[in-house]
Amino acid sequence: MEKMLAGSGYSDKAIRYFIEKPYIGEIPDADQVSEMTGTCGDTMRISLKVAEGVILDARYQVLGCPGAIASAMAVVDLIKGKKIADARALNDGDVFRLLENLPDQKNHCIELAVKTFHKALDEYTRQSKR
Ligand code: FES
């Protein structure tokens, strides 16, 4: 499996994220849960734990490809412990840099992971203003 992934353009770092899946799952008492389906048909659901404007933790459930899983795991490493205002600036390039490489046709997997996170932030902000 690792060889297949490496042969198709996944970096070692992306392969590790995919195999180890450090942030797959749900946060039982999450402050926000949001879901998004990409144009490829894959779906991600993110749960966030937030306190005093800081993202304490995040988990993803992913119905999708290795690129989707690796991207979601990288997003969590980039947002954990950050203030919402700073985490909002996360973009696809940040995730790509952390992953080091993904096959070209997998860039939309990064996009889906980032968009799912941004959707959760928007919904969380809206709900906490109520
Ligand atoms: Fe759909 Fe990767 S192919 S997220």
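None of these values were measured; they are calculated from a predicted model.

> Residues and numbers for the environment of glycine 93, please.
Inspection of the secondary structure puts glycine 93 in helix H5 (residues 92-99). We classify glycine 93 as partly exposed; its relative accessible area is 26%. The spatial distance from the C-alpha of glycine 93 to the C-alpha of alanine 51 is 27 Å, given a sequence separation of 42 residues.

> Could you give an account of the packing of helix H3 (residues 66-79) against helix H6 (residues 107-129), with specific residues and numbers?
At a minimum axis distance of 8 Å, the contact between H3 and H6 shows a crossing angle of 45°. As the angle between them shows, H3 and H6 are arranged oblique. In this structure, H3 crosses over H6, and the sense of that crossing is right-handed. The residues of H6 that touch H3, namely those facing Gly67, Ala68, Ser71, Ala72, Val75 and Ile79, are Cys109, Ile110, Ala113, Val114 and Phe117.

> Residue-level account of the sheet that holds strand E3 (residues 54-63), with values.
Strands sit in the order E1-E2-E3 across an open sheet of three strands; the sheet is antiparallel. Only two strands of the sheet have a single partner each, and these edge strands are strand E1 (32-37) and E3. Neighbour-to-neighbour, the strand axes of the sheet open up by a mean angle of 20°, direction not taken into account. When E1 meets strand E2 (residues 43-51), the two strands line up antiparallel, connected through six bridges. Among the inter-strand pairings, glutamine 32 is bridged to a residue of E2, identified as leucine 48. Its contacts with the sheet put H3 on E2 and E3, and the angle it makes with E3 is roughly 175°. In this fold H6 packs onto E1, E2 and E3, with an angle of close to 140° to the strand it touches most, E1.

> Help me get a handle on the packing of aromatic side chains, residues and values and all.
Tallied over the entire structure, the rule returns zero aromatic pairs. Seen from the ring of phenylalanine 18, lysine 21 lies directly overhead, with NZ or CZ sitting 4.1 Å from the centre.

> Explain the nonpolar core to me, using residue names and the numbers behind them.
Counting 42 residues, the largest nonpolar core has Leu48, Tyr60, Val75, Ile79, Val95, Leu99 and Phe117 as its most contacted members. When contributions to this core are tallied by element, the ones reaching two or more residues are helix H2 (12-20), E2, E3, H3, helix H4 (84-87), H5 and H6. Top contributing element to this core by residue count: H3, with ten residues. Once residues within four sequence positions are removed from consideration, isoleucine 79 is found in contact with Leu48, Ile55, Ala58, Ala87, Leu90 and Phe117.

> Can you explain the pairing of E2? Please cite residues and give values.
In this structure, the hairpin formed by E1 and E2 is closed by a connection of five residues, where glycine 41 is found at a positive phi of approximately 100°. Relative to E3, E2 runs antiparallel, the two sharing nine bridges. Across the sheet, leucine 48 pairs through a bridge with alanine 58, a residue of E3. Connecting E2 to the next strand, E3, in antiparallel fashion are two residues, including glutamate 52 with a positive phi near 50°.

Each value, and the rule that gives it
Residues numbered from 1 in each chain as written. Predicted model: local features only at pLDDT ≥ 70, side-chain atom pairs only at ≥ 80, totals over all residues. Heavy atoms only, no water. Helix = DSSP H or I, 4+ residues; strand = E, 2+ residues; numbered from the N terminus. Buried < 20%, exposed > 50% of the residue type's maximum accessible area, 1.4 Å probe, protein only. Axes fitted to C-alpha atoms, helices over the stretch in contact; angles between N-to-C directions. Parallel < 35°, antiparallel > 145°, perpendicular 65-115°, else oblique. Left-handed = near helix turned anticlockwise from the far one by under 90°. Contact = heavy atoms within 4.5 Å. Pairing = 2+ DSSP bridges. Phe/Tyr/Trp six-rings, centres within 6.5 Å; stacked < 30°, edge-to-face > 60°. Lys NZ or Arg CZ within 6 Å of the ring centre and 35° of its normal. Core = buried A, V, L, I, M, F, W, Y, C linked by side-chain atoms within 4.5 Å.

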